[in-house]
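Structural features, examined
Residue strings, one per chain:
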Amino acid sequence: MTDYHKFLETKRKTFLESGFTISENKLNAQLKDFQKFGVKTALFKGKFAFFFDCGLGKTFCQLEWAKQVQKKTKKKVLILAPLAIVEQTKNEAVKFGIELDVFDFTIFVQL
């Protein structure tokens, strides 16, 4: 191997998964296929961000992710969101049957 190839190997990106796998049928049936893929990937990676465009369901994916993490860990999940998004998050949770505890400006997923 050349010195250049050795150098390139030192630049290789690695990622340690810290999440868990889940069967697609355990996810909310109302998720669209690309959303299911995103939620499954986020759960598996453990560290993830949904950079979907406006109107593509980032809040729903976030809520479903939080619901699944809460189920797995048996602990509450803290969602931090701008104040302008809190009402939308609460409405999305009701729309998709996800219970939330909201404390002042803090939202916890609750099963």
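Definitions and limits used
Residues numbered from 1 in each chain as written. Predicted model: local features only at pLDDT ≥ 70, side-chain atom pairs only at ≥ 80, totals over all residues. Heavy atoms only, no water. Phe/Tyr/Trp six-rings, centres within 6.5 Å; stacked < 30°, edge-to-face > 60°. Buried < 20%, exposed > 50% of the residue type's maximum accessible area, 1.4 Å probe, protein only. Helix = DSSP H or I, 4+ residues; strand = E, 2+ residues; numbered from the N terminus. Axes fitted to C-alpha atoms, helices over the stretch in contact; angles between N-to-C directions. Parallel < 35°, antiparallel > 145°, perpendicular 65-115°, else oblique. Left-handed = near helix turned anticlockwise from the far one by under 90°. Contact = heavy atoms within 4.5 Å. Nonpolar A, V, L, I, M, F, W, Y, C, P; charged D, E, K, R; others polar. Expected span 1.5 Å × (residues − 1). Patch = residues over 30% accessible without salt bridge, like charges linked within 9 Å, V, L, I, M, F, W, Y side chains within 5 Å. Areas by Shrake-Rupley, 256 points an atom, 1.4 Å probe, with all protein chains shown as cover. Salt bridge = Lys/Arg side-chain N within 4 Å of Asp/Glu carboxyl O. Lys, Arg positive; Asp, Glu negative; His and termini not counted. Charge placed at Lys NZ, Arg CZ, Asp CG, Glu CD. pLDDT = per-residue confidence, 0-100.

**With respect to the packing of aromatic side chains**
- Here the structure, examined in full by the defined rule, presents five aromatic pairs.
- Residues F50 and F52 carry aromatic rings whose centres are separated by 5.6 Å and whose planes lie at 55° to one another, so their mutual orientation is tilted.
- On the basis of relative accessible area, F50 is assigned to the buried category, the value being 17%.
- Residues F60 and F96 carry aromatic rings whose centres are separated by 3.5 Å and whose planes lie at 5° to one another, so their mutual orientation is stacked. With F60 in helix 3 (residues 58–73) and F96 in the loop between helix 4 (83–95) and strand 2 (100–103), the pair connects residues that are 36 residues apart, well separated along the chain.

**Describing the packing of helix 2 (residues 33–45) against helix 3**
- Where helix 2 contacts helix 3, the two axes come as close as 10 Å, and the packing angle between them is 40°. Viewed along their axes, helix 2 and helix 3 adopt a mutual orientation that is oblique. Between helix 2 and helix 3 the crossing geometry is right-handed. Of the residues in helix 3, those in contact with Q35, V39, A42 and L43 of helix 2 are F60, C61, E64, W65, Q68 and V69.

**Topic: the packing of helix 3 against helix 4**
- It is at 10 Å that the axes of helix 3 and helix 4 come closest, and there the two elements cross at 65°. Of the possible angle classes, the one that applies to helix 3 and helix 4 is roughly perpendicular. As for how helix 3 packs across helix 4, the hand of that crossing is right-handed. In this structure, helix 3 contributes T59, F60, Q62 and L63 to the contact, and helix 4 contributes Q88, T89, E92 and A93.
- Looking at the contact of helix 3 with helix 4 residue by residue, the classes come out as three nonpolar, four polar and one charged.

**Some details on helix 2**
- With 13 residues, helix 2 should reach 18 Å at 1.5 Å per residue; the first-to-last C-alpha distance of 18 Å fits that figure.
- The set of residues buried in helix 2 consists of Q35, K36, G38, V39, T41, A42 and L43.
- In this structure, the buried side of helix 2 is in contact with helix 3.
- Just past helix 2, the residue G46 takes up positive phi, approximately 90°.

**What about a positive patch on the surface?**
- A contiguous patch of positive charge, built from K26, K71, K72 and K74, is present on the exposed surface.
- Within the fold, K26 resides in the loop between helix 1 (3–10) and helix 2.

**With respect to the confidence of the model for the chain**
- Per-residue confidence for the chain gives a mean pLDDT of 87; residues scoring 70 or more make up 91%.
- Taken element by element, the predicted model of the chain shows its lowest mean pLDDT in strand 3 (residues 106–109) (58) and its highest in helix 2 (95).

**Digging into the environment of T89**
- In this fold, T89 is placed in helix 4.
- Judged by its relative accessible area of 0%, T89 falls in the buried class.
- Considered as a pair, T89 and L100 are 11 residues apart in the sequence and their alpha carbons are 9.3 Å apart.

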